[in-house]
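Descriptive structure summary
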Amino acid sequence: MREFGAIVKGADESGTLPERLWKAYRAQSGGGNQSHSFGLSVRLVTDVTETLANGEMTMFRNFIATALTTTLLATAAPALAETMVKEVTVEADLTAVQNANAGAHWATLTDDLQNAIVSRVADLIAEDGVKVSVAIDSVELANSLQSALGTADSKLMGKVNISHDTDNSKFDNYDLTVTFADAGPFFLPGTDLTAITTDSKEYYDAMIAAFADYVATKLKA
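Owing to the predicted nature of the structure, the values given are computational and were not obtained by experimental measurement.

Calculation criteria
Residues numbered from 1 in each chain as written. Predicted model: local features only at pLDDT ≥ 70, side-chain atom pairs only at ≥ 80, totals over all residues. Heavy atoms only, no water. pLDDT = per-residue confidence, 0-100. Helix = DSSP H or I, 4+ residues; strand = E, 2+ residues; numbered from the N terminus. Contact = heavy atoms within 4.5 Å. Pairing = 2+ DSSP bridges. Axes fitted to C-alpha atoms, helices over the stretch in contact; angles between N-to-C directions. Phe/Tyr/Trp six-rings, centres within 6.5 Å; stacked < 30°, edge-to-face > 60°. Buried < 20%, exposed > 50% of the residue type's maximum accessible area, 1.4 Å probe, protein only. Lys NZ or Arg CZ within 6 Å of the ring centre and 35° of its normal. Expected span 1.5 Å × (residues − 1).

A few words on the confidence of the model for the protein. This prediction gives the protein a mean pLDDT of 77; 62% of its residues lie at or above 70. Averaged pLDDT values for the elements of the protein fall to 45 in helix α3 (residues 38-49) and rise to 98 in strand β2 (residues 130-136). Throughout residues 71-79 the model reports pLDDT below 50, and contacts reaching past four residues in sequence, or to other chains, amount to six contacts.

It is worth spelling out the sheet that holds strand β1 (residues 85-91) at this point. Each strand in a sheet pairs with another by means of backbone hydrogen bonds, the pair being arranged parallel or else antiparallel. Read from one edge to the other, the open sheet built from four strands follows the order β1-β2-β3-β4, with strand pairing classed as mixed. Lying at the two open borders of the sheet, with one neighbouring strand each, are β1 and β4 (172-179). Strand-to-strand twist across the sheet, computed as the mean angle between neighbouring axes with direction ignored, equals 20 degrees. Summarising the sheet, β1 and β2 pair through six bridges and their orientation is parallel. Note that in β2 the partner of Val88 across the bridge is Val132. Sheet contacts for helix α6 (residues 109-120): β1 and β2; angle to β1, the most-contacted strand, approximately 155 degrees. Sheet contacts for helix α9 (residues 201-220): β1, β2, β3 (155-163) and β4; angle to β4, the most-contacted strand, approximately 150 degrees.

The subject of this paragraph is the packing of aromatic side chains. Applying the stated rule across the entire model yields five aromatic pairs. Aromatic pair Trp106 and Tyr204: ring centres 4.8 Å apart, planes at 85 degrees, arrangement edge-to-face. Taken together, the residues span a long stretch of sequence, with Trp106 in helix α5 (residues 100-106) and Tyr204 in helix α9 at a distance of 98 residues. Its relative accessible area of 1% is what places Trp106 among the buried residues. When the ring of Tyr174 is compared with that of Tyr214, the centres are 6.1 Å apart and the planes differ by 65 degrees; the resulting orientation is edge-to-face. Taken together, the residues Tyr174 in strand β4 and Tyr214 in helix α9 connect sequence positions 40 residues apart. On the basis of relative accessibility, which here comes to 41%, the residue Tyr214 falls in the partly exposed class. Joined through ring pairs, the aromatic side chains of Trp106, Phe180, Phe187, Tyr203 and Tyr204 make up one cluster. Over the face of the ring belonging to Tyr174 we find Lys218, whose NZ or CZ atom lies 5.0 Å from the ring centre.

The subject of this paragraph is the pairing of β2. On β2, burial follows the alternation: Val130, Val132, Val134 and Ile136 on one face are buried, whereas Lys131, Ser133 and Ala135 on the facing-out side are not. Strand direction decides the pairing type here: β2 and β3, joined by six bridges, are antiparallel. Counterpart to Val134 in the pairing with β3 is Val160.

Turning next to α9. Under the 1.5 Å per step criterion, the end-to-end length of α9 is 29 Å for 20 residues, consistent within 8% with the ideal 28 Å. What α9 keeps buried is the set Tyr203, Tyr204, Ala206, Met207, Ile208, Ala209, Ala210, Phe211, Ala212, Val215, Ala216 and Leu219.

Following this line, the structure appears as structure tokens:
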């Protein structure tokens, strides 16, 4: 809570509180240097206003009404709830991938995607969190990695399932498709995207990063 005394002192320093009103406050608060709780501040308002002329009292009360409203609003806003995460798992059947060059990178897809998601939600890890399960569409992946298919039409698809051991309100599931265009921002600056092929390490890293980033962003929304 922002202390009431600090608000009044700030108004005095900025010149918005008349000198006589500030002196009255200091007289009643023991010099104005003490730290006052909200309850004590309310009592100080009553004491100070009793020492003022009617016109000054009205001015002071108007100022106090604004100050107290600011204090209450600053402390009443609830913190946004975040989706805490207990574990992340990724499944994929890579036996259908026939592109040998691509297979060298994609062989570690499940571990790499899992690690990429976990690293992005590290601040949300909790024992009572949700379980995030990702099932990659292996058939679509195999098609995208065929050498005859251009990167522009390639994609990484999967089903994302969110569950919780005891809280059904945490359940969610959705289909996620990441295209080459979606992965564009995750290539290193200066990368010539026209030279990227689906069997390159750069392509693999960017697609994994784009997929993981979307999952993490949705958990934090």
